[in-house]
Amino acid sequence: MARFRNRKKKVFVKPIVKKKQEQQQQPNVDPITGNKIPKSFVFSRGKLPGPLRQLQMDLRKLMLPYTALKLKEKKRNNLKDFLNVAGPMGVTHFLILSKTETSPFLRVAKTPQGPTLTFKIHEYSLAVDIAQSQLRPRCPQDLFKNSPLIVLSGFATGDEHLKLTTTLFKNIFPDIDINTVKLSSCQRIVLLNYNKDTKLIDFRHYSIRLQPVGVSRRIRKFVQNHQVPDLRNLQDVSDFVTK
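In this text the structure is predicted, and so the values were computed from the model without any measurement.

A. Layout of the environment of threonine 157. As for its placement among the helices and strands, threonine 157 is situated in the loop between strand 5 (149-153) and helix 5 (160-170). Judged by its relative accessible area of 31%, threonine 157 is partly exposed. For the pair formed by threonine 157 and lysine 196, sequence separation is 39 residues and the distance between their alpha carbons is 9.4 Å. The contacts of threonine 157, once residues within four sequence positions are left out, are Leu162 and Lys163.

Okay, here's the thing in structure tokens:
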């Protein structure tokens, strides 16, 4: 019978230490304002029809860049599962879509202990439908690189539920410093308009761009394109301005 000698050699494995910047894909604190950056999860509870699934993706794009665009949901996941993941990832808000026999609903919740606001969705339009209705839809590559600006209108009343709505939506987007913000980074606006007569809130998402005002159309195009105009057939530069 043969004998085998077990020669164990000690193998040195160099530990891999990742830099802190590599471990954190997104910062938790704004380096300019010093405030905590709010992050969100957008998901659904229950089965949603196709249009509402597309609305869920539109909401995820709206909440970019501080949201999970490719968040995976499973039927067996419950709300506690999302709460367990939200803490380590720094998620501060949930946007939850659901569908009953009567109408769809949207819940906006502050983690981990609320408050939670529930809104009944009366009607909605998808982003793809809005783009198809426009002659030149605007969607540059860096449109979702920065968070949108939040604009609230019609909430200046003494009602407590409106004050709570104002506070919740103000805190769902990062703060900006008007002294250091770059106007070129402001490309989106989220508008919430409350109608006191109908008791409805219009939730709209706009794409905006910076352009000079108070000048002629030709001068505005010259400033935006940064191109030297063709003056070969003109007698004076004033002809280009007044043409």
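The discussion continues.
B. View of the sheet that holds strand 6 (residues 188-195). Read across the open sheet, the three strands follow the order 5-6-7; overall the sheet is mixed. The open sheet has two edge strands, strand 5 and strand 7 (200-207), and neither has a second partner. Here the average twist between neighbouring strands, direction ignored, is 15°. Sheet analysis places strand 6 next to strand 7, joined by eight bridges and oriented antiparallel. Note on strand 7: the bridge partner recorded for asparagine 195 is leucine 200.

C. Geometry of the pairing of strand 5. The pairing of strand 5 with strand 6 spans five bridges and is classified as parallel. Residue pairing across strands places serine 153 opposite asparagine 193, the latter belonging to strand 6. Regarding topology, helix 5 serves as the crossover connection from strand 5 to the parallel strand 6, and that connection is left-handed.

D. Main features of the packing of aromatic side chains. Across all of its chains, the model carries six aromatic pairs by this definition. Aromatic pair phenylalanine 43 and phenylalanine 82: ring centres 3.9 Å apart, planes at 5°, arrangement stacked. Highlighted residues: phenylalanine 43 in strand 1 (residues 40-45) and phenylalanine 82 in helix 3 (residues 79-89), separated in sequence by 39 residues. Taking the centre distance of 5.3 Å and the plane angle of 75° together, the rings of phenylalanine 43 and phenylalanine 94 count as edge-to-face. With a gap of 51 residues between them, phenylalanine 43 in strand 1 and phenylalanine 94 in strand 2 (residues 93-99) connect regions that are remote in the sequence.

E. Region of the structure containing the side chain of serine 103. For serine 103, the location among the structural elements is in the loop between strand 2 and strand 3 (104-110). Apart from residues lying up to four places away in sequence, serine 103 is in contact with Lys120 and Ile121.

F. Focus on the nonpolar core. Among the nonpolar cores identified, the biggest contains 24 residues, and Met63, Leu95, Leu97, Leu106, Val108 and Ile172 are the most heavily contacted of them. For this core, the secondary-structure elements that each account for two or more residues are helix 2 (50-62), strand 2, strand 3, strand 4 (116-120), helix 5 and strand 6. Looking at which element gives the most residues to this core, the answer is helix 2, with four residues. With sequence-adjacent residues up to four places away left out, valine 108 is seen in contact with Phe94, Leu95, Pro115, Thr116, Leu117, Phe119, Leu168, Phe169 and Ile172. Listed in part, the nine residues of the second largest apolar core include Phe82, Val91, Phe94 and Ala109.

The rules behind each value
Residues numbered from 1 in each chain as written. Predicted model: local features only at pLDDT ≥ 70, side-chain atom pairs only at ≥ 80, totals over all residues. Heavy atoms only, no water. Helix = DSSP H or I, 4+ residues; strand = E, 2+ residues; numbered from the N terminus. Buried < 20%, exposed > 50% of the residue type's maximum accessible area, 1.4 Å probe, protein only. Contact = heavy atoms within 4.5 Å. Pairing = 2+ DSSP bridges. Axes fitted to C-alpha atoms, helices over the stretch in contact; angles between N-to-C directions. Right-handed = clockwise from strand over helix to strand, strands pointing away. Phe/Tyr/Trp six-rings, centres within 6.5 Å; stacked < 30°, edge-to-face > 60°. Core = buried A, V, L, I, M, F, W, Y, C linked by side-chain atoms within 4.5 Å.

Function cannot be inferred from these measures alone, as they are strictly geometric.
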